[in-house]
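# Descriptive structure summary
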Amino acid sequence: MQEQLLLQLVNLVQNLSEDMQWMKQEIQTMKQEIGELKEIVHRHDEDIRWLKEQMKENTAMIKAIRDNQLEQRSIQDAMRHEIAHIRGEMATKQDIAYIHERLDYQLGRIARTEEELHMLKKAN
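Residues numbered from 1 in each chain as written. Predicted model: local features only at pLDDT ≥ 70, side-chain atom pairs only at ≥ 80, totals over all residues. Heavy atoms only, no water.

## A short note on a negative patch on the surface
On the surface, Glu26, Glu33, Glu36 and Glu39 cluster together into a negatively charged patch. Looking at the secondary structure, you find Glu36 in helix 1 (residues 2–89). Judged by relative accessible area, Glu36 falls into the partly exposed class, the value being 48%. (Patch = residues over 30% accessible without salt bridge, like charges linked within 9 Å, V, L, I, M, F, W, Y side chains within 5 Å. Areas by Shrake-Rupley, 256 points an atom, 1.4 Å probe, with all protein chains shown as cover. Salt bridge = Lys/Arg side-chain N within 4 Å of Asp/Glu carboxyl O. Lys, Arg positive; Asp, Glu negative; His and termini not counted. Charge placed at Lys NZ, Arg CZ, Asp CG, Glu CD. Helix = DSSP H or I, 4+ residues; strand = E, 2+ residues; numbered from the N terminus. Buried < 20%, exposed > 50% of the residue type's maximum accessible area, 1.4 Å probe, protein only.)

Quick look at the structure:
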């Protein structure tokens, strides 16, 4: 009976030793996996830093584009106002017709005056 107990104890110790060996291997594997995870996390950190820099650059470019668009809109608005002002100062068809009428009248007066001068020169 003691031998049996001793054998059982030896078996238990051997099993315990095997379990301990297995646990050591598992812990070693876990350490390797943790090391790999640390490397992956480090790479992700670098990628995140790069993405943040890209986002900052993109944000700056977007702000520059927005500012440029605002400036272009201001220029366009100023041009529209100038065009409206020029159109306001331009002669209308009625103004042109009136000017032509006045020119015709003045040309008629000039022609009559020249004719009278010509007749006076002939008479003298």
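## Things to note about the pattern of salt bridges
Applying the stated criterion across every chain yields a total of two salt bridges. With a shortest N-O distance of 3.6 Å, Arg66 and Asp67 are connected by a salt bridge. The partner of Asp77 in a salt bridge is Arg80, with the nearest N and O atoms 3.0 Å apart. In this pair, Asp77 and Arg80 both sit in helix 1, three residues apart, roughly one turn of the helix. Its relative accessible area of 37% is what places Asp77 among the partly exposed residues. Overall, Arg80 belongs to the exposed group, its relative accessible area being 52%.

## Looking at a nonpolar patch on the surface
Side chains of Leu6, Leu9, Val10 and Val13 sit close together on the surface and give an oily, nonpolar patch of about 350 Å² of accessible area. Mapped onto the fold, Val13 is located in helix 1. With a relative accessible area of 48%, Val13 lands in the partly exposed category.

## Considerations on the environment of Lys38
Along the chain, Lys38 turns up in helix 1. Along the chain, Lys38 and Ser74 lie 36 residues apart, while their C-alpha atoms are 53 Å from each other.

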